Amino acid sequence: MIREVWKLRTILKNKKMSASELEELREKKLRALIRNAYDHVPYYRSLFRSAGLSPDDIRSVADLTKVPVTTKDDLRAAGADKIVADWADVSSLRVGHTSGATGKPFTVYRTASERRTLLMINMAAIMSMGCRPSDRVVSMGRPGLEPRRLHHLLGLYRKAVIPSSDPIVKQIRILKEFQPTVVHAVPSVLRALMGHLDGPLRDLIDPRIVVTGGEVC
């Protein structure tokens, strides 16, 4: 919990940077990411070499156009051993999955630190959209449940997760019982929900904020 709070503090502090400071930080982190990928991830090292590139050729976001496009199918075909850094133990990583809304779920491997960072980035994002500690947040389309955290137990940013694999009747029941004030869902999940309602969404729930992503709304 302390690590998460510290990470959130850093993210919120970075939001106060000037445009030039943010640009400098972004490109510094980009260069570090490219160097790590080249030195430690077999797939990307092979990809760079096939294009005649070295990490020093990528100094800014504009330089990313030099890197050949990688698709999800490319990464699936490569396998975990080729796409995970050689300093990481695959068996110890947190395995996650995308919603699969655009086809089939994609498997993602993260360290505990990366998982914390992602959670706090998402937290900072919904806070910037006006989410309040007293809000009830529902995340629709996620493939699995998330552990309850200290702030949930304290009644802050209460959250419910509704996997897209749940029957639509169950999704509607959870929404009706939880009555979220903030809804976070990919558009295709919202569309499937609306297709099973007899009237407008406000007849079921009346959220202050609806957040979508991953697809064009």
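Please refer to the structure placed before this passage.
Calculation notes
Residues numbered from 1 in each chain as written. Predicted model: local features only at pLDDT ≥ 70, side-chain atom pairs only at ≥ 80, totals over all residues. Heavy atoms only, no water. Phe/Tyr/Trp six-rings, centres within 6.5 Å; stacked < 30°, edge-to-face > 60°. Helix = DSSP H or I, 4+ residues; strand = E, 2+ residues; numbered from the N terminus. Buried < 20%, exposed > 50% of the residue type's maximum accessible area, 1.4 Å probe, protein only. Expected span 1.5 Å × (residues − 1). Core = buried A, V, L, I, M, F, W, Y, C linked by side-chain atoms within 4.5 Å. Contact = heavy atoms within 4.5 Å. Salt bridge = Lys/Arg side-chain N within 4 Å of Asp/Glu carboxyl O.

**Overview of the packing of aromatic side chains**
Then comes step 1: Taken as a whole and judged by the stated rule, the model has two aromatic pairs.
Then comes step 2: Seen from their ring centres, Tyr38 and Phe48 are 6.0 Å apart, and the 70° between their planes marks the pair as edge-to-face. One end of the pair, Tyr38, is in helix α2 (residues 19-40); the other, Phe48, is in helix α3 (residues 42-50), and 10 residues separate them in sequence.
Then comes step 3: Ring geometry for Tyr43 versus Tyr44: centroids 5.1 Å apart, planes at 85°, classification edge-to-face.
Then comes step 4: Given the relative accessible area of 15%, Tyr43 is considered buried.

**What about helix α6 (residues 112-128)?**
Then comes step 1: Between its first and last C-alpha atoms α6 spans 24 Å; for 17 residues at 1.5 Å apiece the expected length is 24 Å, and the two agree.
Then comes step 2: Turning to α6, its buried residues number three or more, namely Arg115, Leu119, Met120, Met123, Ala124 and Ile126.
Then comes step 3: Just downstream of α6, Gly130 is the residue with a positive phi angle, here 105°.

**What about the nonpolar core?**
Then comes step 1: Counting residues in each nonpolar core, the largest one holds 17 residues, and the members touching the most others are Val138, Met140, Leu175, Val183, Leu193 and Leu204.
Then comes step 2: Listed by contribution, the elements that provide at least two residues to this core are β3 (136-140), β4 (158-162), α8 (168-178), β5 (182-185) and α9 (187-194).
Then comes step 3: Among the elements that line this core, the one with the most residues is α8, at four residues.
Then comes step 4: With sequence-adjacent residues up to four places away left out, Leu204 is seen in contact with Ile172, Leu175, Lys176, Gln179, Leu193 and Leu197.
Then comes step 5: Residues Leu119, Met120, Met123 and Val211 belong to the second largest nonpolar core, which totals 13 residues.

**Comments concerning the pattern of salt bridges**
Then comes step 1: A full pass over the atoms with the stated rule returns eight salt bridges.
Then comes step 2: A salt bridge links Glu23 to Arg26, with the nearest nitrogen and oxygen atoms 2.8 Å apart. Of the two residues, Glu23 and Arg26 are both situated in helix α2; the distance of three residues between them amounts to about one turn of the helix.
Then comes step 3: On the basis of relative accessibility, which here comes to 44%, the residue Arg26 falls in the partly exposed class.
Then comes step 4: Glu177 is paired through a salt bridge with Arg173; the nearest N and O atoms lie 3.8 Å apart. Of the two residues, Glu177 and Arg173 are both situated in helix α8; the distance of four residues between them amounts to about one turn of the helix.
Then comes step 5: Classification of Arg173 as partly exposed rests on a relative accessible area of 42%.
Then comes step 6: Residues participating in the shared-partner salt-bridge network are Arg35, Asp39 and Asp56.

**A closer look at the environment of Arg132**
Then comes step 1: Inspection of the secondary structure puts Arg132 in the loop between α6 and β3.
Then comes step 2: For the pair Arg132 and Tyr157, spaced 25 residues apart in sequence, the C-alpha separation works out to 7.1 Å.
Then comes step 3: The residues touching Arg132, leaving out its near neighbours within four places in the chain, are Tyr157 and Arg208.

Worth remembering: the numbers are spatial, not functional.
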